[in-house]
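Spelled out, the chains give:
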Amino acid sequence: MASHVNRECPYCRHLIEHHIPLFDYALFIGPERLICPQCGKASLTGRRYWADLSAVWKFLVVRGLLISILMYGVMFFLLLAAGVVFVVDKLLDLPVTNEFASLVLLPISLILSAGYHGLRLKKLATPQPEHRNVAAQK
Ligand SMILES: [Zn+2]
């Protein structure tokens, strides 16, 4: 079973979006049409803006958002922890405790992740100026 989705242009096979994880809310929420950067034709995405989503799809978006925040949080945490351990331990010669890592770095990582996904979802949830023009051409 594939774990991600590639979206290609149905007219010229140009790969528009690739490696979207199956749980990603970007599969469900967003502009209904995409303009292919290569041939300029619009194709349907199967996505809808938040107001037009059914209850089941809203649930999928919320679930995808939570999974994404957790996954990115872990990723940010690993990056931060690696950076902090390098700076504090190697350069300053101070020990990094597990308590410091979990009490300080983990919340920072989750806040960073939630902020990133909050901005991304906000962009996808409502029509953007350039997409509004596309919708009007229907
Ligand atoms: Zn195309």
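Before reading on, note that the structure itself is shown above.
The following paragraphs examine the structure supplied in this document.

Observations concerning the overall build of the protein
Within the protein one finds three helices and four strands. Mapped from its N terminus to its C terminus, the protein presents α and β elements in the order β-β-β-β-α-α-α. Here the C-alpha atoms of the protein give a radius of gyration of 19 Å, more than 25% beyond the 14 Å that 2.2 N^0.38 yields for 138 residues. For the protein, the C-alpha atoms occupy an extent of roughly 65 × 35 × 35 Å along the three principal directions. The buried share of the protein, taken over its 138 residues, is 28%. For the protein, the exposed area adds up to about 9200 Å²; of that, 67% sits on carbon and sulfur atoms.

Comments concerning the coordination of the zinc ion
The zinc ion binds to the protein through C9 (SG), C12 (SG), C36 (SG) and C39 (SG); the donor distances cover 2.3 Å. Considering all four donor atoms around the zinc ion, the spread of angles at the metal, 107 to 113 degrees, places the coordination shape in the tetrahedral class. Within one chain, the residues donating to the zinc ion are spaced in sequence as C-x2-C-x23-C-x2-C. Residue C9 is found in the loop between β1 (4–8) and β2 (15–21), and its partner C39 is found in the loop between β3 (33–35) and β4 (42–44); the two are separated by 30 residues along the sequence. Judged by its relative accessible area of 32%, C39 is partly exposed.

Remarks on the side chain of R7
With respect to the secondary-structure elements, R7 resides in strand β1. Judged by relative accessible area, which is 14%, R7 ranks as buried. Here the side chain of R7 touches T45 through a polar contact of 3.0 Å, landing on its backbone oxygen. Not counting residues up to four positions away in its chain, the partners in contact with R7 are H14, L15, I16, E17, I20, A26, L27, L34, T45 and R47.

A short note on the packing of aromatic side chains
For the coordinates displayed, the defined rule picks out three aromatic pairs. Each ring, one from F28 and one from W57, has its centre 5.5 Å from the other, and the planes form 80 degrees; the classification is edge-to-face. With F28 in the loop between β2 and β3 and W57 in helix α1 (residues 55–91), this residue pair connects regions lying 29 residues apart in the sequence. Here F28 falls in the buried class, since its relative accessible area comes to 12%. What makes W57 partly exposed here is its relative accessible area of 31%. A centroid spacing of 5.4 Å and a plane angle of 20 degrees characterise the contact between Y72 and Y116, whose relative ring orientation is stacked. Of this pair, Y72 sits in helix α1 while Y116 sits in helix α2 (residues 98–125), and the two are 44 residues apart along the sequence.

Section: the pattern of salt bridges
Scanning the entire structure with this criterion turns up five salt bridges. Between R7 and E17 there is a salt bridge, with its nearest N and O atoms 2.9 Å apart. One end of the pair, R7, is in strand β1; the other, E17, is in strand β2, and 10 residues separate them in sequence. What you see here is one network of salt bridges that share partners, running through R7, E17 and R47.

About the thresholds
- Residues numbered from 1 in each chain as written.
- Predicted model: local features only at pLDDT ≥ 70, side-chain atom pairs only at ≥ 80, totals over all residues.
- Heavy atoms only, no water.
- Helix = DSSP H or I, 4+ residues; strand = E, 2+ residues; numbered from the N terminus.
- Rg over C-alpha atoms; globule rule 2.2 N^0.38 Å.
- Buried < 20%, exposed > 50% of the residue type's maximum accessible area, 1.4 Å probe, protein only.
- Areas by Shrake-Rupley, 256 points an atom, 1.4 Å probe, with all protein chains shown as cover.
- Donors = N, O, S within 2.8 Å, 3.2 Å for Na, K, Ca; no water.
- Tetrahedral: all angles 85-135°; square planar, octahedral: opposite > 155°, others 65-115°.
- Polar contact = N/O pair within 3.5 Å; in protein donor to acceptor, adjacent residues only side chain to side chain.
- Contact = heavy atoms within 4.5 Å.
- Phe/Tyr/Trp six-rings, centres within 6.5 Å; stacked < 30°, edge-to-face > 60°.
- Salt bridge = Lys/Arg side-chain N within 4 Å of Asp/Glu carboxyl O.

Everything listed is a geometric property; what it means functionally is a separate question.
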